[in-house]
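Remarks on the overall topology
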Amino acid sequence: EVRQRHRVIVGKPERQTPIVRATVRALNFFPYWNVPQSVAALDLIPDDLVVRITLVHLTNSGLGVTSAPTRARRGEGLTERGRAYVRRMAEKRILLDLAHINRRGFFEALKASTQPCIVSHTGVAGVNAHWRNIDDEQIRAVAACGGVVGVIFAPRYLGKTGIEAVVDHLMH
């Protein structure tokens, strides 16, 4: 079985205690670690070790479908395993990062979660229509659950270069 990747951040290595570093090594995690996609695997992660998990990146996973157009599976979103995974993440208070998931999976994940969610890095479709960017309805949904949206500093998603492009997305 091919292991799909999704991203996990546990904090800067220089701020990790020796026990956290040892746990990270023992679980065979690396920067942007491969995390097993089973709900039970989440219980192997010590409390307060993992800060956030992104369910998909530029490829689909057993949890859901990416927003990347070359990998999209039309009409599909979060899988049943993905829903259970999101619920367990909320129980463990692991932040759900909705960056990269397709629109349907985005709303399904929000519905499954009982905690605030984030989109760590994106552009705003109302400023620059791009497959990677989220729309106003998605922004409002993140705000409604108490979450936040981070703007990506990448011209291809912002539509132009310079600080003005970032400000345009922030002010939208």
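The rules we used
- Residues numbered from 1 in each chain as written.
- Predicted model: local features only at pLDDT ≥ 70, side-chain atom pairs only at ≥ 80, totals over all residues.
- Heavy atoms only, no water.
- Salt bridge = Lys/Arg side-chain N within 4 Å of Asp/Glu carboxyl O.
- Helix = DSSP H or I, 4+ residues; strand = E, 2+ residues; numbered from the N terminus.
- Phe/Tyr/Trp six-rings, centres within 6.5 Å; stacked < 30°, edge-to-face > 60°.
- Buried < 20%, exposed > 50% of the residue type's maximum accessible area, 1.4 Å probe, protein only.
- Polar contact = N/O pair within 3.5 Å; in protein donor to acceptor, adjacent residues only side chain to side chain.
- Expected span 1.5 Å × (residues − 1).
- Arc of directions from axis to C-beta.
- Contact = heavy atoms within 4.5 Å.
- Core = buried A, V, L, I, M, F, W, Y, C linked by side-chain atoms within 4.5 Å.
- pLDDT = per-residue confidence, 0-100.

**Some words on the pattern of salt bridges**
Scanning the entire structure with this criterion turns up nine salt bridges. One salt bridge in this structure joins Arg83 and Glu108, with 3.5 Å as the shortest N-O distance. Here Arg83, found in helix α3 (residues 80–91), pairs with Glu108, found in helix α4 (residues 103–112); they are 25 residues apart in sequence, far enough to count as distant. Each of Glu80, Arg83, Arg104 and Glu108 takes part in a single network of salt bridges with overlapping partners.

**Considerations on the packing of aromatic side chains**
Going through the model one piece at a time under the given rule, you end up with two aromatic pairs. Ring geometry for Phe106 and Phe107: centres 5.3 Å apart, planes at 70°, overall edge-to-face. Given a relative accessible area of 1%, Phe106 falls into the buried group. On the basis of an interplanar angle of 85° and a centroid distance of 6.5 Å, the ring pair of Trp131 and Tyr157 is categorised as edge-to-face.

**Some thoughts on helix α5 (residues 136–144)**
Its side-chain oxygen 3.1 Å from the backbone nitrogen of Glu137, Asp135 forms the N-cap of α5. Just past α5, the residue Gly146 takes up positive phi, approximately 90°.

**Things to note about α3**
Under the 1.5 Å per step criterion, the end-to-end length of α3 is 17 Å for twelve residues, consistent within 8% with the ideal 16 Å. Within α3, the full set of buried residues consists of Gly82, Tyr85, Val86, Met89 and Ala90. Take α3 and look down its axis: the buried residues cluster within an arc of 135°, on one side only. Those residues of α3 that are exposed and angled more than 90 degrees off the buried face are Glu80 and Glu91. On its buried face, α3 sits against α2 (39–42), β2 (52–54), β3 (95–97) and α4. Arg93 occupies a position one or two residues after α3 and carries a positive phi of about 60°.

**Brief notes about the nonpolar core**
Residues Leu55, Met89, Leu96, Leu98 and Phe106 are the most contacted members of the largest nonpolar core, which totals 25 residues. Mapped by element, the contributors of at least two residues to this core are α3, α4 and β4 (117–122). If near-sequence neighbours (up to four positions away) are discounted, Leu98 is found in contact with Phe106, Ala109, Leu110, Cys117, Ile118 and Val119.

**Some details on the confidence of the model for the chain**
Mean pLDDT for the chain: 81, with 78% of residues reaching 70 or above. The low-confidence segment residues 1–12, where pLDDT is below 50, has 46 contacts with residues more than four positions distant or belonging to other chains. Between residues 23–34, whose pLDDT stays under 50, and residues either more than four places distant or in other chains, the model counts 25 contacts.

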